Amino acid sequence: MNPGGHRLTPGSNVRIDPSSLTFNMWKEIPVPFYLSVYFFDVVNPSEVLQGQKPQVRERGPYVYREYRHKDNITFNDNDTVSFLEYRRFEFQPHKSNGLESDYINIPNIMVLSAAMMMETKPMALKILMTMAFSSLRQRAFMNRTVGEVMWGYDDPLVSLVNKYLPGMFPMKGKFGLFAELNNSNSGLFTVYTGIKNFSRVHLVDKWNGLSKVSAGAARPPSTPLLIAQADGKCVRPSSLAPRKGVTPPVCPPRSMKLIYEEARVFQGIPTFRFKAPSTLFANGSVYPPNEGFCPCLESGIQNVSTCRFNAPLFLSHPHFYNADPALAEAVLGLHPSEKEHSLFLDIHPVTGIPMNCSVKLQLSLYIKAVQGIGQTRKIAPVVLPLVWFEERGAMEGEPLQKFYLQLVLLPKVLQYAQYVLLALGGLLLLVPVIYQIRSQVPRDTKSQPSPAAQPARLPSPSTPLLQDALSGQPAGPSV
């Protein structure tokens, strides 16, 4: 990976290796993850039944703390590891804009999906289904609490179908968008560890034993992955981040190639930001590698009907961001925004460890009038958003302090320390030189004493003055 001329060298830190520094983080994520859910409250359900354009109002977020851990970890001979990842959710009222007891108007997924599945059936069956819906008081739109839509409610239609057509629906009890997620796992993952071949680290090999997508097209083996399960799992090299799956699901989980955006700083730690390409949910006509995840309607949404008993459900970015503009224009109240609705991953450029990540996805239902099904009236064909959700995780608290110490502070200290040591080394080299210079004095200066230090010279015996003095006679001129 060479983002913007920078070389990303994660080394052994992101390999799935029991002896690596980050293995325990991969096994049980030490940072908190939060699932924020936004519902699209249908303001004009009666008008929609008469063929008018639907109008929605965004409600939320309803925030849940998510706890994850991996179990049944098995290392295989082909440089892969298999595991189950379990999760549970706890509602966080202080972080939410509303309560689970709030009521919202949303499409009745069971009724409208069943109507779509009956579209090509004989008219007699359609009339019979209309009567069944009426007897069970089932309508095209329903008013339910957030808690019921999230975690399930008793649906008489589900009970009836399970009684006479067992196995048609995956749920056995309550029906809810996230009913199967709490205290559950997202299936058996088999991913490459990167121990023998680092270029394949965290690439998905199999999911629940499957190595092909639902449409039968083999996943390109060269597709580098930072896993992005459509259920909102945070994108991370594997599970260090997040990322990772919530369904309203994409099954099998999708892999995606993130693209480098820019260098950033997170809590004082330098990071590289990666984002999803605009072709993530493009259909096969726009981006051929995505052909195995369709058929789709307009570009920018992914058909996930095979994951949900053939219900016409579609996955996309929130508010149809990066999708065909016709999708957002067909529903009043949608405002796609890159800032609000794009997903990203911030990783440390040296270690490859995720510091901050956010995955935002939307689940929508394709609805229209089906002749013979009275509950659908005159509904105009439209992909109607149901809910969008964000799964976000970021380093904080003690883990962040440890990473800051090891990745930022300590390298800086070592960098400055080398200059200090160089300076000290230079001084130590100068000390003996200065000492040698100062200890050396010119030899001629030492061998010649100063005049003041020399003793007075006595006159020799031949000196007339001295001789006269010794004889006691004054010296006079010689005759």
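Since this is a predicted model, take the numbers as computed values, not measurements.

Trainee: Kindly report on the overall build of the protein, identifying the contributing residues and their values.
Mentor: Along the protein, the regular secondary structure elements total 11 helices and 16 strands. The burial tally for the protein puts 48% of its 479 residues in the buried class. Partitioning the intrachain contacts of the protein with sequence separation of at least 6 by distance along the chain shows that 65% fall at a separation of at least 24. For the protein, the exposed area adds up to about 24,600 Å²; of that, 56% sits on carbon and sulfur atoms.

Trainee: Tell me about helix 4 (residues 123–135), and please be specific about residues and values.
Mentor: Along an α-helix, a turn takes 3.6 residues, which lines up residues three or four apart on a common side. The end-to-end C-alpha distance of helix 4, which contains 13 residues, comes to 18 Å, matching closely the 18 Å that a straight helix rising 1.5 Å per residue would cover. Taken together, the buried positions of helix 4 are Lys126, Met129, Thr130 and Phe133. All buried residues of helix 4 lie within an arc of 105° about the axis, which places them on one face of the element. The exposed residues of helix 4 that point more than 90 degrees off its buried face are Ala124, Leu128, Met131 and Ser135. Of the residues one or two after helix 4, Arg137 is the one with positive phi, at around 60°.

Trainee: Which residues make up the pattern of salt bridges, and what values do they have?
Mentor: All told, the structure shown has 12 salt bridges when counted by the stated rule. Among the ionic pairs, Glu391 bridges to Arg68, the shortest N-O distance being 3.0 Å. Separated by 323 residues along the polypeptide, Glu391 in strand 16 (residues 382–394) and Arg68 in strand 2 (residues 56–75) bring together distant segments of the chain. Classification of Arg68 as buried rests on a relative accessible area of 7%. Note that Arg273 and Asp346 form a salt bridge whose closest N and O atoms lie 2.7 Å from each other. With a gap of 73 residues between them, Arg273 in strand 11 (residues 269–275) and Asp346 in strand 14 (residues 344–347) connect regions that are remote in the sequence.

Trainee: Residues and numbers for helix 3 (residues 109–117), please.
Mentor: When you tally the buried positions in helix 3, you get 8 out of 9 residues, the bulk of the element. Looking at helix 3, one finds that the buried residues are Ile109, Met110, Val111, Leu112, Ser113, Ala114, Ala115 and Met116.

Trainee: How would you explain a nonpolar patch on the surface if you had to name every residue and give the values?
Mentor: A cluster of nonpolar residues, Tyr404, Leu405, Leu409, Leu410, Val413 and Leu414, forms a patch on the protein surface that exposes about 530 Å² of accessible area. By secondary structure assignment, the location of Leu405 is in helix 9 (residues 397–439). Under the relative-accessibility criterion, Leu405 is labelled partly exposed at 46%.

Trainee: Now, about the packing of aromatic side chains: what can you tell me, with residues and values included?
Mentor: In total, this model carries 14 aromatic pairs according to the counting rule given. Taking the centre distance of 6.3 Å and the plane angle of 65° together, the rings of Trp151 and Phe178 count as edge-to-face. Pair noted here: Trp151 is in helix 5 (residues 146–151) and Phe178 is in the loop between helix 6 (156–164) and strand 6 (184–192), with a separation of 27 residues, a long-range link. Taking relative accessible area as the criterion, Trp151 reaches 21% and is therefore assigned partly exposed. A residue is classified by how much of its surface remains accessible, and Phe178, at 0% relative accessible area, is buried. Following the ring pairs from residue to residue traces out a cluster consisting of Tyr64, Phe89, Phe91, Trp151, Phe178 and Phe389. Positioned over the ring face of Tyr67 is Arg88, at 4.2 Å from the centre of the ring.

Trainee: Which residues make up the environment of Glu391, and what are the values?
Mentor: Looking at Glu391, the relative accessible area reads 0%, which means it is buried. As a C-alpha pair, Glu391 and Leu343 span 48 residues in sequence and 9.6 Å in three-dimensional space. A distance of 3.0 Å separates the side chain of Glu391 from the side chain of Arg68, its partner in a polar contact.

Trainee: Residues and numbers for the side chain of His317, please.
Mentor: Among the structural elements, His317 can be located in the loop between strand 13 (313–316) and helix 7 (325–329). Overall, the relative accessible area of 3% leaves His317 in the buried class. Each residue touching His317, except ones within four places of it in the same chain, is listed here: Ala276, Leu280, Phe281, Asn322, His341, Leu343, Lys360 and Gln362.

Trainee: Outline the confidence of the model for the protein, supporting the account with residue identities and numerical values.
Mentor: With 75% of its residues at a pLDDT of 70 or more, the protein shows a mean pLDDT of 78. Overall, residues 4–10 carries pLDDT values under 50, and its contacts beyond four positions in sequence, including any with other chains, amount to 22 contacts.

Trainee: Tell me about the side chain of Asn108, residues and numbers included.
Mentor: Positionally, Asn108 belongs in the loop between strand 4 (103–107) and helix 3. By relative accessible area, Asn108 is classed as buried at 3%. When near neighbours in sequence (up to four residues on either side) are disregarded, Asn108 contacts Gln138, Arg139, Ala140, Phe141 and Met142.

Trainee: Any details on the nonpolar core? Residues and values, ideally.
Mentor: Within the largest apolar cluster, 90 residues are counted, with the highest numbers of intra-cluster contacts made by Phe39 and Met395. The contact partners of Phe39, leaving out residues within four places of it in the chain, are Arg57, Glu58, Arg59, Tyr62, Ile104, Val146, Val149, Met150, Leu177, Leu386 and Val387. If you look at the next biggest cluster of nonpolar residues, it comprises 9 residues, including Trp26, Val81, Val204 and Trp207.

Trainee: How would you sum up the pairing of strand 2? Please name residues and give values.
Mentor: The pairing of strand 1 (residues 33–42) with strand 2 spans 9 bridges and is antiparallel. Bridge pairing in strand 2 places Phe40 opposite Glu58. Of the pairings in the sheet, the one linking strand 2 to strand 3 (residues 80–91) comprises 10 bridges and is antiparallel in character. Counted as the bridge partner of Arg68 is Arg87 from strand 3. Between the antiparallel neighbours strand 2 and strand 3 lie 4 residues, among them Asp79 with a positive phi of about 65°.

Trainee: So what about unusual backbone geometry? Which residues, and what values?
Mentor: With an omega of 10°, the peptide bond between Gly60 and Pro61 qualifies as cis. Along the chain, Pro61 turns up in strand 2. Positive phi, normally seen in glycine, also occurs at Asn72, with a value near 55°. Here Asn72 lies in strand 2. When its relative accessible area of 45% is taken as the criterion, Asn72 is described as partly exposed. Even without a glycine there, the phi angle at Arg377 is positive, about 45°. Mapped onto the elements of the fold, Arg377 is located in the loop between strand 15 (354–367) and strand 16. Take Arg377: its relative accessible area is 52%, and that puts it in the exposed class.

Rules behind the numbers
Residues numbered from 1 in each chain as written. Predicted model: local features only at pLDDT ≥ 70, side-chain atom pairs only at ≥ 80, totals over all residues. Heavy atoms only, no water. Helix = DSSP H or I, 4+ residues; strand = E, 2+ residues; numbered from the N terminus. Buried < 20%, exposed > 50% of the residue type's maximum accessible area, 1.4 Å probe, protein only. Contact = heavy atoms within 4.5 Å. Areas by Shrake-Rupley, 256 points an atom, 1.4 Å probe, with all protein chains shown as cover. Expected span 1.5 Å × (residues − 1). Arc of directions from axis to C-beta. Salt bridge = Lys/Arg side-chain N within 4 Å of Asp/Glu carboxyl O. Patch = residues over 30% accessible without salt bridge, like charges linked within 9 Å, V, L, I, M, F, W, Y side chains within 5 Å. Phe/Tyr/Trp six-rings, centres within 6.5 Å; stacked < 30°, edge-to-face > 60°. Lys NZ or Arg CZ within 6 Å of the ring centre and 35° of its normal. Polar contact = N/O pair within 3.5 Å; in protein donor to acceptor, adjacent residues only side chain to side chain. pLDDT = per-residue confidence, 0-100. Core = buried A, V, L, I, M, F, W, Y, C linked by side-chain atoms within 4.5 Å. Pairing = 2+ DSSP bridges.

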